[in-house]
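Coordinate inspection notes
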Amino acid sequence: MSGSDVVLPKIQPLSEKPKSAGISWHLSADFLFHKTAVFAAFLVAGALFATVIAIAYDSRTSIHVFGIWGFLKSSDWNPVTQTFGAFPFIISTLISSAIAMVLGVPVSFGVAVFIAEIAPAWIKKPVATAIELLAAIPSIVYGLWGLVVFAPVFAKIEPWINDKLGAIPGIGLLFQGPPMGIGMLTAGIVLAIMILPYMSSIMRDVFLIVPSSLRESAYAMGATTWEVAWNIILPYTRSAVVGGIFLGLGRALGETMAVTFVIGNSNVLSASLLMPGATIPSVLANEFAEATTKLYVSSLIYLGLILIAVTLAVRFCAVLLIRRLGRKEGAAA
Amino acid sequence: MMMSVYVRRRSVDVTSKILMGAATLVGVFFLFWILWTTLRFGLAGMHWDLFIKDTPPPGTNAFGLRNAFVGSLILLAVSLLIGIPVGLMGGTWLAEYGFRGPTANAVRFINDIMLSAPSIEIGLFVYAIMVAPMGHFSALSGSVALAILMIPIIVRTTDEMLSLVGSDMREAAIALGAPAWVVITKVTWKAARAGILTGILIGLARITGETAPLLFTVLNNQFFSGNLFHAMANVPVVIFQFALSPYANWQQMAWAAAFITILFVLALSLIARWFLGKVQVPK
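Reading the values: rules and limits
Residues numbered from 1 in each chain as written. Chains lettered and ligands numbered in written order. Predicted model: local features only at pLDDT ≥ 70, side-chain atom pairs only at ≥ 80, totals over all residues. Heavy atoms only, no water. Helix = DSSP H or I, 4+ residues; strand = E, 2+ residues; numbered from the N terminus. Rg over C-alpha atoms; globule rule 2.2 N^0.38 Å. Buried < 20%, exposed > 50% of the residue type's maximum accessible area, 1.4 Å probe, protein only. Areas by Shrake-Rupley, 256 points an atom, 1.4 Å probe, with all protein chains shown as cover. Lys, Arg positive; Asp, Glu negative; His and termini not counted. Charge placed at Lys NZ, Arg CZ, Asp CG, Glu CD. Contact = heavy atoms within 4.5 Å. 1 Å grid on protein atoms, 1.4 Å probe; cavity = no way out; pocket = protein on both sides within 12 Å on 5 of 7 lines; lining within 4 Å. Points joined across faces, edges and corners; volume = space filled by probe spheres on them. Nonpolar A, V, L, I, M, F, W, Y, C, P; charged D, E, K, R; others polar. Buried area = accessible area lost by both parts, 1.4 Å probe. Salt bridge = Lys/Arg side-chain N within 4 Å of Asp/Glu carboxyl O. Polar contact = N/O pair within 3.5 Å; in protein donor to acceptor, adjacent residues only side chain to side chain. Axes fitted to C-alpha atoms, helices over the stretch in contact; angles between N-to-C directions. Parallel < 35°, antiparallel > 145°, perpendicular 65-115°, else oblique. Left-handed = near helix turned anticlockwise from the far one by under 90°. Core = buried A, V, L, I, M, F, W, Y, C linked by side-chain atoms within 4.5 Å. Domains from an automatic or database assignment. Phe/Tyr/Trp six-rings, centres within 6.5 Å; stacked < 30°, edge-to-face > 60°. Lys NZ or Arg CZ within 6 Å of the ring centre and 35° of its normal. Expected span 1.5 Å × (residues − 1). Bend = angle between axes of the 7 residues up to and from the residue. Patch = residues over 30% accessible without salt bridge, like charges linked within 9 Å, V, L, I, M, F, W, Y side chains within 5 Å.

When its secondary structure is counted, chain A shows twelve helices and zero strands. Listed N to C, the secondary structure of chain A is α-α-α-α-α-α-α-α-α-α-α-α in terms of helices and strands. Expected size for 333 residues packed as a compact globule is a radius of gyration near 20 Å; at 28 Å, chain A overshoots this value by more than 25%. Counting every position in chain A, which comprises 333 residues, the buried fraction comes to 50%. Of the roughly 15,500 Å² of accessible surface on chain A, 71% is carried by carbon and sulfur atoms. Taking the 20 positively charged and 16 negatively charged side chains of chain A as two groups, their mean positions are separated by 6 Å.

All names here are of chain A. Summarising the element assignment, L305 is placed in helix 12 (residues 294-332). Assessed through its relative accessible area of 15%, L305 is described here as buried. Sequence separation between L305 and L214 is 91 residues; the distance between their C-alpha atoms is 45 Å. Setting aside chain neighbours within four positions, we find L305 in contact with V52, I55, A56, S59 and I63.

We now examine the layout of surface pockets. The calculated volume of the second largest pocket comes to roughly 290 Å³. Contributing to the lining of the second largest pocket are 16 residues, with L43, V44 and A47 of chain A together with I148 and I151 of chain B lying nearest its centre. Taken together, the elements giving at least two residues each to the lining of the second largest pocket come down to helix 1 (21-58) of chain A together with helix 3 (66-98), helix 4 (102-115), helix 5 (119-134) and helix 6 (139-164) of chain B. When the residues that make up the lining of the second largest pocket are grouped by side-chain class, the tally is 14 nonpolar, two polar and no charged.

The next thing to look at is the interface of chain B and chain A. Taken residue by residue, the interface counts 77 residues in chain B and 83 residues in chain A. Where chain B abuts chain A, roughly 6,800 Å² becomes buried across the two surfaces, and 80% of that area is made up of carbon and sulfur atoms. It is M20, F109 and W181 of chain B that lose the most area in chain B upon contact with chain A, and together they represent 9% of the buried surface on that side. At the boundary of chain B and chain A, one finds four salt bridges. Between R273 of chain B and E132 of chain A there is a salt bridge; the shortest N-O distance is 2.3 Å. One can count twelve residue pairs in polar contact (both at pLDDT 80 or more) joining chain B with chain A. Counting residues per element, the side of chain B that touches chain A draws most heavily on helix 1 (residues 2-44) of chain B, at 19 residues. Within the side of chain B that touches chain A, the residues separate by chemical class into 53 nonpolar, 16 polar and eight charged.

Our focus in this paragraph is the pattern of salt bridges. The final tally for this structure, using the stated rule, is 15 salt bridges over all chains. Taking the shortest distance from any N to any O, the salt bridge between R323 of chain A and D112 of chain B comes out at 3.3 Å. You can see R323 of chain A sitting in helix 12 and its partner D112 of chain B sitting in helix 4, one on each of two chains. Among the charged side chains, a network of salt bridges with common partners joins E132, R204 and D205 of chain A together with R273 of chain B.

What follows deals with the packing of helix 3 of chain B against helix 4 of chain B. In a pair of packed helices, the angle between the axes and the distance between the axes together describe the arrangement. Residue and element names in this part refer to chain B. Two numbers describe how helix 3 lies on helix 4: the axes approach to 10 Å, and their chain directions differ by 155 degrees. As the angle between them shows, helix 3 and helix 4 are arranged roughly antiparallel. For the element pair helix 3 and helix 4, the recorded crossing hand is left-handed. Of helix 4, the residues touching helix 3 (which contributes W93, L94, A95 and G98) are T103, A104, V107 and R108. A breakdown of the residues in the contact of helix 3 with helix 4 according to their chemical character gives five nonpolar, two polar and one charged.

Let us look at the nonpolar core. What tends to happen in soluble globular proteins is that the nonpolar side chains get buried as a cluster. In this structure, F71, W77, Y142, W145, F207, F288 and L303 of chain A are the most contacted members of the largest nonpolar core, which totals 184 residues. Per element, the largest residue contribution to this core is 15 residues, and it comes from helix 7 (residues 184-208) of chain A. When residues of this core are sorted by domain, at least three fall in each of domain 1 (2-44) and domain 2 (50-277) of chain B. What W77 of chain A contacts, discounting residues up to four positions off in sequence, is F71, T83, F84, G85, F89, N267, V283, E287, Y296, S299, L300 and L303 of chain A.

It is worth spelling out the packing of aromatic side chains at this point. As enumerated under the stated definition, the model contains 30 aromatic pairs over all chains in all. Centre to centre, the rings of F109 of chain A and W230 of chain A are 6.0 Å apart; their planes meet at 85 degrees, and the pair counts as edge-to-face. Note that F109 of chain A is positioned in helix 4 (residues 87-118) and W230 of chain A in helix 9 (residues 225-254), a separation of 121 residues in sequence. Considering the side-chain rings of F30 of chain B and W33 of chain B, the 6.0 Å spacing of their centres and the 25 degrees angle between planes classify their relative orientation as stacked. Residue F30 of chain B and its partner W33 of chain B are located together in helix 1, separated by three residues, close to a single helical turn. Note on accessibility: F30 of chain B and W33 of chain B belong to one class, buried. Here the aromatic residues F66, F71, W77, F84, F89, Y296 and Y302 of chain A are joined through ring pairs into a cluster of three or more. The side chain of R60 of chain A reaches across the aromatic face of Y57 of chain A, ending 4.0 Å from its centre.

Residues and elements named next belong to chain A. The end-to-end C-alpha distance of helix 7, which contains 25 residues, comes to 35 Å, matching closely the 36 Å that a straight helix rising 1.5 Å per residue would cover. Taken as a whole, helix 7 carries its principal kink of about 40 degrees at I195; the proline P197 stands between one and four residues after it. By the criterion of burial, helix 7 is predominantly enclosed, with 22 of the 25 residues buried.

Residue and element names in this part refer to chain A. Packing of helix 4 against helix 7 brings their axes to within 6 Å, and their N-to-C directions diverge by 40 degrees. Remark: the crossing between helix 4 and helix 7 carries right-handed chirality. Broken down by class, the residue content of the contact of helix 4 with helix 7 amounts to 24 nonpolar, seven polar and one charged.

With that settled, the discussion passes to a nonpolar patch on the surface. Together, L165, I168, I171 and L174 of chain A line one region of the surface with nonpolar side chains, adding up to about 290 Å² of accessible area. Its place among the elements puts L174 of chain A in the loop between helix 6 (139-164) and helix 7.

On to the domain arrangement of chain B, then. All names here are of chain B. Segmenting chain B into domains produces domain 1 (2-44) and domain 2 (50-277). Between the C-alpha centres of domain 1 and domain 2 there is a distance of 34 Å. Listed by partner, the interface residues are eight residues for domain 1 and seven residues for domain 2. Of the roughly 630 Å² buried where domain 1 meets domain 2, counting both sides, 85% is carbon and sulfur surface. A per-residue breakdown of the area domain 1 buries against domain 2 is headed by T38, F41 and G42, which together make up 56% of the total. Our enumeration of links across domain 1 and domain 2 arrives at zero salt bridges. At the boundary of domain 1 and domain 2, one finds zero residue pairs in polar contact (both at pLDDT 80 or more). By residue class, the composition of the side of domain 1 that touches domain 2 is five nonpolar, three polar and no charged.

Following this line, the structure appears as structure tokens:
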């Protein structure tokens, strides 16, 4: 066999344009596929900015008429006289979410520790599934249940709250009022149930990534389960736990349907938590379809802009804090 | 002295365990309370006419939700048509082109923020960009709003699932001369399909009961309509309007609709969980 018999494959220089139709078709398909993917990713990222810009733009009429501080601090919401102010709705939104956090955070922490540390293996999975299914229930069903089932039951408890908590000097004022079953406190309780699965599943997930060497060293030193949870696991996962709490807060602030059903929808601010109120999302859900004038619609969208500013800040912190733990994990590994 | 410290630590431990167990019980209790209520009221409102007649006018004793069921199915189908391609391609870009680069990480960050966006904000956004310029409510704008709510979920699961696919599979395909788009569509998508499907199911479950964005985009229609450019009847808004109405039959229908919605969503969530259990880290 002589060297001339060897057939060398024809090597095509990279600089030359490929002549085969198949290859050039693949190159343009590759190009198109890549650009489509880039475009989709751009849409995903752009949606956030577009949301803020579009909502800000549509509230321009109201911003122009009422200004920023004027709108924020005015309690006058009257479609008849076309005067609009956001103050009662902002306060109600904050208060109902605050109630939800006060009730929901400890319970979520308890659920997360129970599932991650305490529960025996056979009970872990069904309980975790049950808690997560709470998140699958649509908010309108929470609202329906809250109005038709929970509120009448709660109305029977309210006289007791009136007697016991209402008698405390100072904060007693918060717990006085007719036992209607609906109101700020009811909305806060329903919100607490709704955000429980979100907060507890994040806490549980981050508890499970705590290195077992840390946990086992603590147990080997004779620490109790509670001491391990409070002194070892919580400090290690603190940023993500706070992030999870912020995520729950973001949900509570923006929750619409369930709150609309149970808060009672009163535009007048009241000192008592047992009295009805109206949050920004609930007033939007209630009044948007019947808003007739341009200024009315624009003022409602302006309320939406305030909500988006607050929840965006909360969600930004949440994602940042949850990611911080991920980075720490990456650095340790 | 030693003994008292021991007793204190032990009692704190036992008390905390009891409290945490109680917290879990509270959560599970509310789940069953809500499910039981929906089952009880929902079954009481069940009626064959729900599926074959349209929503009745106020003041009659008739039953019917056909237009709402059909409308909701159309809304969901159109949002899937919009959401799946965008979500899938966006996730694919992150996993296959962006990798861990700064741009990709910024997109992931924004996507995570969008993941927890209150649905009412998305409703207002779509109102501003579609309903207001068009001058009237339309089913299409409702589908766009639902798609925007669903896309971040699909993006995230697609990204995560594609990242799980081992690089040896990609390298083998590239070594055989397959161009990038063939590697992605025929190899990595295929390897990650169970996970991607799970993301789509979770996304669908999330948007099924969504009501708030629909109030600003589709609103409602008393009549049967298949026109994407007009207001369309849909289950969530019907539940909202009927539940707060003074008519007994409307309230019953609201519960029946809520029962069917919850059945659908829970089935989707459980199927998605089951699917996720099937996802093995592809080699």
